[in-house]
Amino acid sequence: MKSYQKLTTAVPQPAACWVEEEGSASTPAGRGKLAPWWVGSGLLVAAVLLSTVTVWVLRQVSGGWPGPTPPPKCLLIPESHRFDCYPERHVVVTQELCESRGCCFIESPLPVGGKRGVPWCFYPPDFPSYSLESLNQTALGMVGLLVRREKTYYPRDIEMLRLDVEFETDTRLHIKITDAANPRYEVPLEVPPVMKRAENPIYSLDFSRNPFGVLLRRKATGTVLLNTTVAPLIFADQFLQISTLLPSRFLYGLGEHRGTLLHSLDWSTLTLWARDVSPTESFNLYGAHPFCLLMEEGGDAHGVFLLNSNAMEVVLQPAPGLTWRTIGGVLDFYIFLGPDPNMVIQQYQQVIGFPAMPPLWALGFHLCRWGYGSSNETWQTVRAMRNYQIPQDAQWNDIDYMDGYRDFTIDPQKFASLPSLVEDLHKHRQRYVMILDPGISSTNPRGSYWPFDEGLRRGLFLNTTQGQPLIGQVWPGFTAFADFSNPDAHQWWLENLQHFHAHVPFDGVWIDMNEPSNFMDGSEDGCPPGELDSPPYTPAVLGDSLSAKTVCASAKQKASVHYNLHNLYGLMEAKATASALIQIRGKRPFVISRSTFPSQGRYSGHWLGDNRSQWKDMYYSIPALLSFSLFSIPLVGADICGFSGSTSEELCTRWMQLGAFYPFARNHNTQNEKAQDPTVFSPAARTAMKDVLLIRYSLLPFLYTLFHRAHLQGDTVARPLFFEFPRDVATLGLDRQFLWGRSLLVTPVLEPGVDSVTGYFPRGVWYDFYTGSSVNSSGEMLKMSAPLEHLNLHVREGAILPTQKPGTTSEATRGNPLRLIVALSQSATAWGDLFWDDGESLDTFERGSYSYLVFNVTQNIFTSTVLHASTEATEVTIGTLSIFGVRKPPSKVLLNGQEKPFSYLDNEVLTVSDLGLSLSQGFSLQWL
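Report follows, based on the coordinates. (Residues numbered from 1 in each chain as written. Predicted model: local features only at pLDDT ≥ 70, side-chain atom pairs only at ≥ 80, totals over all residues. Heavy atoms only, no water.)

Okay, the overall build of the protein chain next. Secondary structure summary: the protein chain contains 17 helices and 52 strands in total. Relative to the globule expectation of 30 Å for 928 residues, the C-alpha radius of gyration of the protein chain, 29 Å, shows essentially globular dimensions. When its C-alpha atoms are laid out on the principal axes, the protein chain stretches across 85 × 75 × 60 Å. Here the protein chain, with 928 residues, has 63% of them falling under the buried criterion. Counting contacts in the protein chain only where the partners sit at least 6 residues apart, residues at least 24 apart contribute 70% of the total. When the accessible area of the protein chain is evaluated, it comes to approximately 32,600 Å², of which 52% is carbon and sulfur surface. Between the centroid of the 73 positive side chains of the protein chain and the centroid of its 90 negative side chains there is a distance of 3 Å. (Helix = DSSP H or I, 4+ residues; strand = E, 2+ residues; numbered from the N terminus. Rg over C-alpha atoms; globule rule 2.2 N^0.38 Å. Buried < 20%, exposed > 50% of the residue type's maximum accessible area, 1.4 Å probe, protein only. Contact = heavy atoms within 4.5 Å. Areas by Shrake-Rupley, 256 points an atom, 1.4 Å probe, with all protein chains shown as cover. Lys, Arg positive; Asp, Glu negative; His and termini not counted. Charge placed at Lys NZ, Arg CZ, Asp CG, Glu CD.)

Here we come to the sheet that holds strand 35 (residues 744–747). What the six strands build is an open sheet, ordered 33-34-35-40-37-38; its pairing is antiparallel. The open sheet has two free edges, formed respectively by strand 33 (718–719) and strand 38 (774–777), since each of these has just one partner strand. Where strand 34 (residues 738–740) meets strand 35, three bridges bridge the pair, whose relative direction is antiparallel. Within strand 35, the position partnered with Phe 738 by the bridge is Val 746. (Pairing = 2+ DSSP bridges.)

The subject of this paragraph is the pattern of salt bridges. For the structure on display, the rule yields 42 salt bridges. Notably, a salt bridge pairs Arg 172 with Glu 168, separated by 2.6 Å at the nearest N-O pair. The burial state of Arg 172 is the same as that of Glu 168; both residues are buried. A salt bridge links Glu 751 to Arg 736, with the nearest nitrogen and oxygen atoms 3.7 Å apart. Of this pair, Glu 751 sits in the loop between strand 35 and strand 36 (756–761) while Arg 736 sits in the loop between helix 15 (721–724) and strand 34, and the two are 15 residues apart along the sequence. Under the relative-accessibility criterion, Glu 751 is labelled partly exposed at 40%. Beyond isolated ion pairs, a larger network of salt bridges with shared partners links Asp 276, Asp 512, Glu 515, Arg 594 and Asp 610. (Salt bridge = Lys/Arg side-chain N within 4 Å of Asp/Glu carboxyl O.)

Let's shift gears to the packing of helix 13 (residues 683–698) against helix 14 (residues 700–713). Packing of helix 13 against helix 14 brings their axes to within 5 Å, and their N-to-C directions diverge by 55 degrees. Looking at the two axes, helix 13 sits oblique to helix 14. Contacts from Arg 696, Tyr 697 and Ser 698 in helix 13 reach Leu 700, Pro 701 and Leu 703 in helix 14. (Axes fitted to C-alpha atoms, helices over the stretch in contact; angles between N-to-C directions. Parallel < 35°, antiparallel > 145°, perpendicular 65-115°, else oblique.)

Quick look at the structure:
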């Protein structure tokens, strides 16, 4: 009998097991190798006893089983460890159906609210799986053969699988399982080639031979990170499934979904299939990110990435356990060992690519709405913003600028003055961004609409199985869909953008509806019968069909069928758009996309979709923002004040305060609702909104430097608190606050009618951003005053923030003097840095056209060191130094040895003004 580890109170000994550790011969596992499992065996005994008692009680209450008593092998499996053998939705699973699959059947009480609970049908310990028939060393790791001798219940089981294991780096392991005999679809994502095997991996790998399973451990702690022996591996043509136990319940990632940052493991299913739907709890949303981060006990972290673009479910259960279930492709896993969460995300990006450096103006404030109605009305809003001197870098238009909602057109009546508006924006050092959709109108008289005519002539649209363009329906009516998997479509897209740019010289592009969205299910003719549109198993997608509000899965694309490429559609469009912008403008591209996939950050940012003007939507934007930091898309934000529905002055004021700290800050509104830009509110609210935007603009040097670090090495910009305090368990579930980088703590008000807010302050000294007053926290919740005009911001001890006198655009701000805010640690030290370039040229770091400065404080001496210099830095001066936490009043301050006047306040803040130092010159300042 085969034996799965979840099922027994003692540790089973697999028939044969190899241990793979660098520098040692393969030896049978057993002798102390599985020691960590004994720790949990007591708990498992208790769980089994509890489960057995529960079964006995249920039997008494119900007057006995409806059929024969389940076999002992089934009764021994605790509820939390029951891995679902019948995941199909909308089926009442009977004992007969379940046992026809060879599985255990035990009814459990249904959870309230209609959500799924303990599976009634689950795998027995002896369910047939693959066995590991051979395992051989290779230059980079190992290659093995997996064989299944008994078929499962999904069609076209693949009986022989190839297992490839590569020890890619000391902190990265690559495990790939695919068909041993026939090629299968794999995601066309460039991953880094590996030339040599890791020399000192911080992990060790064991295999169970029969049944096949993987046991991955962290060497330093012995923690088991993967244990896939808990349920059978299934690998059929259109149903691939692998399960594992988790070392803790602290799991993050797996997007795109609406919910808390920390996932619930209470029998929740997360579906990954790009879908146009307003963010709603439990729905599959716009993007697909099969990456998760897990915090282990003690503060270590690891990440797992499944490189697979097919429709997918990830099932979480209280064991704690996780099941990856996908309906195509291969099982291609990367595991990142950290050991801290920041390092896990960096290691993930070493595989998928680091995000692009945005232009500086992308970090300014953006304003948009659907329903301005005309270019003149859009222009009036821009003028009102200027009139009140409210910062704004970019004005946007939604689809109402188009003629009949057709891409690359302008409404000749209502938007005739659009070219003049764009010219005026540029004159005021502002930018223009417009929307584009991938659905191309297909009903115009032949010869009257070049984008469709030319796309048709070149064969650049998604086709039906019959080889004709698939016709769906989007805003302009009937449409064909551009096939961005075809390189020729990138050229056609570029030409369309060039034609439009010659008329309206836009600066950035907003790509929407690119799941792709379709107002029909499939096409105007529906979808053909067959196993692509009606697969043997359909994951829990909204609408219960792969073609719900999108195109047919059977649609033909250049690279593969849409069944495989659907989740990549937004990524491929972003790639084409960013490339076109570079060719048209010769500067860093600015693209914001709705649908996303791993590596998207290389080409675009993301906004969080069609949210609502509700307080809960404002809260949910924070966990979403932080999740996209994990997904390596740092340029992210929600529609400030909400897209649909009508905002209130209080909600919009609070949301502008939070939104001023989204890395991507845009206020956007739907049509037929009252305006919600800052100019339309009362003087008090307008002033509060203006003030918080000025704070954002003052912090642009700091924010821009964070984006440089993201681009260079994969640091996160908006960051969960647990990233900086991984050993503080109180931070693991926090998602109502966040950090910029490692040192600026944002605590927004997220509910109506209050004038205070409670936030968590990890252990250490935190300084009020505005006053420099300090609070020394032992790691506690603190209640703070938060009147409507105030956002609580705190600076972490030991940080130096470069700030700047704010202007009303990022370009105007660039020329103003810098103010460096120094937050001394308890040992009177601090560190910070500044990246500075022209804000828009391509590859400035790679070409050496930048300045990079490091700031340091030790023993009452502040030092600015220029590590790399460029001409731009000579145009900027450092005006002021504010030092928080100077415990004693200084008698004098010396700048490069010369005495300087200063001020010192009772709250221990030392300020030295009128420095007038060129950014390109290093200097030191000492206080005695």
